[in-house]
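Chain by chain, the residues run as shown.
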Amino acid sequence: MDQTNIPTGSTPPGSKPEAKRYACAVTGRQLLKKNLVRLDDLRPTLADRIRADHAGLAEDALIDRTEVNRYRNRYVEEMLREEHGEFSELDRQVAESIANQDTIAENTEDDFLEHRTLGQRLSDRLASFGGSWPFLISFGAFLLVWMAISVAMGEQKSFDPYPFILLNLVLSCLAAVQAPIIMMSQKRQEAKDRLRSHNDYQVNLKAELEIRHLHEKLDHLITKQWQRLAEIQQIQLEIMQDSRRRT
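Computed from a prediction, not measured in an experiment: that's the story for all the values here.

Criteria and thresholds
Residues numbered from 1 in each chain as written. Predicted model: local features only at pLDDT ≥ 70, side-chain atom pairs only at ≥ 80, totals over all residues. Heavy atoms only, no water. Helix = DSSP H or I, 4+ residues; strand = E, 2+ residues; numbered from the N terminus. Contact = heavy atoms within 4.5 Å. Areas by Shrake-Rupley, 256 points an atom, 1.4 Å probe, with all protein chains shown as cover. Phe/Tyr/Trp six-rings, centres within 6.5 Å; stacked < 30°, edge-to-face > 60°. Buried < 20%, exposed > 50% of the residue type's maximum accessible area, 1.4 Å probe, protein only. Core = buried A, V, L, I, M, F, W, Y, C linked by side-chain atoms within 4.5 Å. Patch = residues over 30% accessible without salt bridge, like charges linked within 9 Å, V, L, I, M, F, W, Y side chains within 5 Å. Salt bridge = Lys/Arg side-chain N within 4 Å of Asp/Glu carboxyl O.

### Topic: the overall build of the protein chain
Secondary structure summary: the protein chain contains 7 helices and 4 strands in total. Secondary structure of the protein chain in N-to-C order comes out as β-β-β-α-β-α-α-α-α-α-α. Long-range contacts, defined as pairs at least 24 residues apart, comprise 62% of the intrachain contacts of the protein chain with a sequence gap of at least 6. Surface summary for the protein chain: the accessible area is close to 17,800 Å², and the carbon and sulfur share equals 57%.

As structure tokens, this is what we get:
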């Protein structure tokens, strides 16, 4: 087929037409409409924050979603600074998760267990076994067997005659070893609880901010809906008045 008769800039037959692009009112970049957001569709506080940096934006101005996320992050950061007086690393992670619409909840239990060393795993198991009924029962049985054998062998032949000095030494050594093991396990438990509390704080803070933003958005939508209903009612009244004048 001869291609010389196709006008310049026209779409060849059978090819898909190029999607129309629109300019971002903030950056001026040409983007697809699915990547843009109308300014009046944003909640009022966020829209006012954007207008503070770019005055004169129209209500139907189109803004890049990336810029909207950036301003959403800045708005949350400024709000947390104003309410808390500071902006910590946890607050920054929450602000970024809201802007990027990421999930911030995580299973800290699995993450903590995966990074344990062999010695830490061993100490956890020993601490867990040392605080259980099987340990108490087995150790009590060991003590009874030790003392029974010592008494049955007699004072002359026994390896640990009464008052069982060797047994007391074994118990002292066991207590001296068991206490640091339990302390190591408790320190890791505290670290795990600290990670869990940090994650709970982030989840609760994000939920509080999201609920607040949702209320603002609902109030904005309700206000716009009432304005549209009022306009429709006004148009209906004008139509009725025109029809009466004609009659």
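Back to the write-up after that little detour.
### Some points on the packing of aromatic side chains
The tally for this structure, following the rule as stated, stands at 6 aromatic pairs. Centroid distance Phe 135 to Phe 139: 5.6 Å. Interplanar angle 15°. Geometry classified as stacked. With Phe 135 and Phe 139 both in helix 6 (residues 133-157), this residue pair falls 4 residues apart, about one helical turn. Residue Phe 139 is classed as partly exposed on the basis of its relative accessible area of 21%. The interplanar angle of 85° and the centroid separation of 5.6 Å between the aromatic rings of Tyr 162 and Phe 164 together place this pair among those described as edge-to-face. Judged by its relative accessible area of 69%, Tyr 162 falls in the exposed class. Joined through ring pairs, the aromatic side chains of Phe 129, Phe 135, Phe 139, Phe 142, Trp 146 and Phe 159 make up one cluster.

### So, the nonpolar core
Leu 39, Leu 42, Ile 50, Ile 63 and Leu 209 are the most contacted members of the largest nonpolar core, which totals 24 residues. Where this core is concerned, the elements lending two or more residues are strand 3 (36-38), helix 1 (44-53), strand 4 (62-64), helix 2 (65-84), helix 3 (89-100) and helix 7 (165-246). Among the elements that take part in this core, helix 2 stands out by supplying 6 residues, more than any other.

### Observations concerning a nonpolar patch on the surface
Taken together, the side chains of Val 145, Ile 149, Met 153, Phe 159, Leu 166, Leu 169 and Val 170 present a nonpolar region at the surface, about 580 Å² in accessible area. At the level of elements, helix 6 and helix 7 are the ones that each hand at least two residues to the nonpolar patch. Within the secondary structure, Leu 166 sits in helix 7. Looking at Leu 166, the relative accessible area reads 35%, which means it is partly exposed.

### Some words on the environment of Asp 53
Along the chain, Asp 53 falls in helix 1. Taking relative accessible area as the criterion, Asp 53 reaches 36% and is therefore assigned partly exposed. Counting along the chain gives 27 residues from Asp 53 to Val 26, while the straight-line C-alpha distance between them is 9.3 Å. When sequence neighbours within four positions are dropped, the list of residues in contact with Asp 53 reads Tyr 71 and Arg 74.

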